[in-house]
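Residue-level structure breakdown
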Amino acid sequence: MARSTLSSLLKQLDVQSAQNEHADVETTCIALLEGGCANPTQVLKNLLVALIKQDKYQKAFNQLKNYQDGNVDLNEMILEIGYIY
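None of these values were measured; they are calculated from a predicted model.

**Some words on the overall build of the protein chain**
Along the backbone of the protein chain there are four helices and zero strands. Counted from the first residue to the last, the protein chain has its helices and strands arranged as α-α-α-α. Relative to its full complement of 85 residues, the protein chain shows a buried share of 27%. Sequence separation of at least 24 residues holds for 61% of the intrachain contacts in the protein chain that already meet a minimum separation of 6.

This is the structure we're talking about:
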(Lines give C-alpha, C1' and ligand atoms only; values in the text may rest on other atoms or scores of the structure.)
Protein backbone atom coordinates (compact mmCIF):
# COMPACT_ATOMS: atom_id res chain seq x y z
CA MET A 1 0.00 0.00 0.00
CA ALA A 2 2.78 2.43 0.85
CA ARG A 3 4.44 1.59 -2.46
CA SER A 4 1.36 2.61 -4.49
CA THR A 5 1.09 5.80 -2.47
CA LEU A 6 4.74 6.60 -3.09
CA SER A 7 4.34 5.85 -6.80
CA SER A 8 1.34 8.15 -7.07
CA LEU A 9 3.19 10.92 -5.24
CA LEU A 10 6.17 10.59 -7.58
CA LYS A 11 3.87 10.72 -10.58
CA GLN A 12 2.26 13.91 -9.24
CA LEU A 13 5.71 15.40 -8.75
CA ASP A 14 6.60 14.64 -12.38
CA VAL A 15 3.40 16.34 -13.58
CA GLN A 16 4.05 19.37 -11.39
CA SER A 17 7.63 19.62 -12.66
CA ALA A 18 6.43 19.54 -16.27
CA GLN A 19 3.84 22.21 -15.49
CA ASN A 20 6.55 24.47 -14.07
CA GLU A 21 8.68 24.00 -17.17
CA HIS A 22 5.76 24.95 -19.40
CA ALA A 23 5.11 28.01 -17.25
CA ASP A 24 8.75 29.05 -17.71
CA VAL A 25 8.43 28.62 -21.49
CA GLU A 26 5.24 30.70 -21.41
CA THR A 27 6.94 33.54 -19.53
CA THR A 28 9.99 33.50 -21.79
CA CYS A 29 7.95 33.45 -25.00
CA ILE A 30 5.77 36.34 -23.89
CA ALA A 31 8.87 38.37 -23.03
CA LEU A 32 10.42 37.59 -26.42
CA LEU A 33 7.26 38.52 -28.32
CA GLU A 34 6.87 41.78 -26.42
CA GLY A 35 10.55 42.57 -26.94
CA GLY A 36 10.41 42.17 -30.70
CA CYS A 37 12.19 38.88 -31.33
CA ALA A 38 13.71 37.85 -34.67
CA ASN A 39 11.35 34.91 -35.31
CA PRO A 40 7.93 35.73 -33.82
CA THR A 41 6.19 32.89 -35.69
CA GLN A 42 8.26 30.19 -33.98
CA VAL A 43 8.09 31.91 -30.60
CA LEU A 44 4.30 32.22 -30.81
CA LYS A 45 4.06 28.56 -31.79
CA ASN A 46 6.17 27.59 -28.76
CA LEU A 47 3.98 29.80 -26.58
CA LEU A 48 0.81 28.15 -27.85
CA VAL A 49 2.20 24.68 -27.20
CA ALA A 50 3.21 25.67 -23.65
CA LEU A 51 -0.27 27.09 -23.00
CA ILE A 52 -1.97 23.99 -24.43
CA LYS A 53 0.18 21.74 -22.22
CA GLN A 54 -1.02 23.77 -19.22
CA ASP A 55 -4.68 23.58 -20.35
CA LYS A 56 -4.79 27.38 -20.71
CA TYR A 57 -6.92 27.38 -23.85
CA GLN A 58 -8.57 30.77 -23.29
CA LYS A 59 -5.18 32.42 -22.77
CA ALA A 60 -3.88 30.72 -25.92
CA PHE A 61 -6.91 31.98 -27.85
CA ASN A 62 -6.28 35.52 -26.57
CA GLN A 63 -2.63 35.31 -27.66
CA LEU A 64 -3.77 34.25 -31.12
CA LYS A 65 -6.06 37.27 -31.30
CA ASN A 66 -3.21 39.55 -30.24
CA TYR A 67 -0.94 38.38 -33.04
CA GLN A 68 -3.30 37.56 -35.90
CA ASP A 69 -2.74 40.98 -37.49
CA GLY A 70 0.98 41.01 -36.73
CA ASN A 71 4.03 39.71 -38.49
CA VAL A 72 3.42 36.03 -37.68
CA ASP A 73 2.54 33.32 -40.17
CA LEU A 74 -0.48 31.54 -38.69
CA ASN A 75 -0.24 28.86 -41.38
CA GLU A 76 2.80 27.54 -39.50
CA MET A 77 0.62 26.67 -36.49
CA ILE A 78 -2.53 25.18 -37.98
CA LEU A 79 -2.50 22.14 -35.68
CA GLU A 80 -2.08 24.27 -32.57
CA ILE A 81 -4.87 26.63 -33.64
CA GLY A 82 -7.18 23.68 -34.30
CA TYR A 83 -6.39 22.20 -30.90
CA ILE A 84 -7.14 25.51 -29.16
CA TYR A 85 -10.51 25.80 -30.89
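**Here's the deal with the packing of aromatic side chains**
In this structure the tally under the stated criterion is two aromatic pairs. On the numbers, 6.2 Å between centres and 45° between planes, the contact of Tyr 57 with Tyr 83 is tilted. With a gap of 26 residues between them, Tyr 57 in helix 3 (residues 57-67) and Tyr 83 in helix 4 (residues 78-84) connect regions that are remote in the sequence. Measuring from ring centre to ring centre gives 5.6 Å for Phe 61 and Tyr 85, while their planes differ by 75°; the resulting arrangement is edge-to-face.

**Digging into the packing of helix 2 (residues 40-53) against helix 3**
Packed helices, taken two at a time, are described by the angle between their axes plus the distance between the axes. It is the contact of helix 2 with helix 3, at a shortest axis distance of 8 Å, that shows an interaxial angle of 165°. Judged by the angle between their axes, helix 2 and helix 3 are roughly antiparallel. The hand of the helix 2/helix 3 crossing is left-handed. Two secondary-structure elements touch here, helix 2 through Leu 44, Leu 47, Leu 48, Leu 51 and Ile 52 and helix 3 through Tyr 57, Lys 59, Ala 60, Gln 63, Leu 64 and Tyr 67. When grouped by side-chain class, the residues that make up the contact of helix 2 with helix 3 number nine nonpolar, one polar and one charged.

**Focus on the side chain of Glu 80**
Note that Glu 80 resides in helix 4. One buried charged residue, Glu 80, forms no salt bridge at all, with the nearest opposite charge on Lys 45 at 4.0 Å. Dropping the residues within four chain positions of it, Glu 80 is found in contact with Lys 45, Leu 48, Val 49 and Ile 52.

Quick notes on the rules
Residues numbered from 1 in each chain as written. Predicted model: local features only at pLDDT ≥ 70, side-chain atom pairs only at ≥ 80, totals over all residues. Heavy atoms only, no water. Helix = DSSP H or I, 4+ residues; strand = E, 2+ residues; numbered from the N terminus. Buried < 20%, exposed > 50% of the residue type's maximum accessible area, 1.4 Å probe, protein only. Contact = heavy atoms within 4.5 Å. Phe/Tyr/Trp six-rings, centres within 6.5 Å; stacked < 30°, edge-to-face > 60°. Axes fitted to C-alpha atoms, helices over the stretch in contact; angles between N-to-C directions. Parallel < 35°, antiparallel > 145°, perpendicular 65-115°, else oblique. Left-handed = near helix turned anticlockwise from the far one by under 90°. Nonpolar A, V, L, I, M, F, W, Y, C, P; charged D, E, K, R; others polar. Lys, Arg positive; Asp, Glu negative; His and termini not counted. Salt bridge = Lys/Arg side-chain N within 4 Å of Asp/Glu carboxyl O.

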